[in-house]
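# Secondary and tertiary structure notes
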Amino acid sequence: MDNDNNIDFKDLWKKQSVSQPDIKDLQERVSKFKKIALRSLWITNILLFATSTFIIFIWIYYQPQFISTKIGIVLTILAMAVYVFVYNKLMKDYKNIDSTQTNQEYLQKLISIKKKQQFLQTKMMTFYFVLLTIGICLYMYEYASRMSILGASLAYGITLLWMLFNWFFLRPKQVKKQQEKINSLIEKFKEVNNQLEL
């Protein structure tokens, strides 16, 4: 009975198996993150280029008469071009992630990407949506002016409702999803670094 009371907890604690971080698994997760991010970047480039090309085709083919329509087209294309230009700056960061880096380098690169993503998701996305909304509204004016008041109201109403839906529902979900992915990776690398320092 005395033996049961003299258990050395410190010794037991030292003997317990500590789960070492699986570096390979972490590197695979970073590699997957990199592939998804680059694919998303390329898809965005292709879609916005195709949209801009289509808008230019409409301008050339339909020859709008109002200056507001032309300004609307220019603002819409400008919004897309500026957004893609800033978004493409992330490509270098994604491509620079490779398996030869140390955990600390991975961590620093992920933190840098997170900061750039936050800038893109806040300031650039706001700029993009504001310019795009103004551009589309100006573009629609020439065609809405030929409609009845009800038709014009419906056209503007549906367009603005769709943009509000994108801004207040789809955008926050996408931002949250992106932030969760990168925050999860950053936390794992911090964990690994902390364990390796012990």
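First things first, this report covers the structure right here in the doc. Everything numeric here is computed off the predicted structure, so don't read it as measured data.

For Gln 101, the location among the structural elements is in the loop between α4 (67–95) and α5 (103–144). Linking Gln 101 and Gln 27, residues 74 residues apart in sequence, is a C-alpha distance of 9.9 Å. Those residues in contact with Gln 101, other than ones at most four positions away along the chain, are Asn 96, Tyr 106 and Lys 109.

Take the packing of helix α3 (residues 23–62) against α5 next. The contact between α3 and α5 brings their axes to 14 Å, and the two run at 20°. Relative to α5, the element α3 is oriented roughly parallel. Of the two possible hands of crossing, α3 and α5 adopt the one that is left-handed. Contacts between α3 and α5 pair Ile 23, Gln 27, Val 30, Phe 33, Leu 48 and Ile 58 from the former with Asn 103, Tyr 106, Leu 110, Ile 113, Gln 117, Tyr 128 and Tyr 139 from the latter. The class makeup of the residues in the contact of α3 with α5 is ten nonpolar, three polar and no charged.

Moving on, we come to the packing of α3 against α4. Taken N-terminus to C-terminus, the directions of α3 and α4 make an angle of 160°; their axes are 10 Å apart at the nearest point. Taken together, the axes of α3 and α4 lie roughly antiparallel to each other. Both α3 and α4 take part in a crossing whose hand is left-handed.

Turning our eyes to something else, we now look at the packing of aromatic side chains. How two aromatic rings sit relative to each other is given by the distance of their centres and the angle of their planes. Inspection of the entire model under this criterion finds twelve aromatic pairs. Centre to centre, the rings of Tyr 61 and Tyr 62 are 5.0 Å apart; their planes meet at 85°, and the pair counts as edge-to-face. Residue classification places Tyr 61 among the exposed positions, given a relative accessible area of 56%. Given a relative accessible area of 54%, Tyr 62 falls into the exposed group. Ring pairs connect the aromatic residues Tyr 83, Tyr 87, Tyr 128, Phe 129 and Trp 167, which therefore count as one cluster. Cation over ring: Arg 171 sits above Trp 167, and NZ or CZ is 3.7 Å from the ring centre.

About the cut-offs
- Residues numbered from 1 in each chain as written.
- Predicted model: local features only at pLDDT ≥ 70, side-chain atom pairs only at ≥ 80, totals over all residues.
- Heavy atoms only, no water.
- Helix = DSSP H or I, 4+ residues; strand = E, 2+ residues; numbered from the N terminus.
- Contact = heavy atoms within 4.5 Å.
- Axes fitted to C-alpha atoms, helices over the stretch in contact; angles between N-to-C directions.
- Parallel < 35°, antiparallel > 145°, perpendicular 65-115°, else oblique.
- Left-handed = near helix turned anticlockwise from the far one by under 90°.
- Nonpolar A, V, L, I, M, F, W, Y, C, P; charged D, E, K, R; others polar.
- Phe/Tyr/Trp six-rings, centres within 6.5 Å; stacked < 30°, edge-to-face > 60°.
- Buried < 20%, exposed > 50% of the residue type's maximum accessible area, 1.4 Å probe, protein only.
- Lys NZ or Arg CZ within 6 Å of the ring centre and 35° of its normal.

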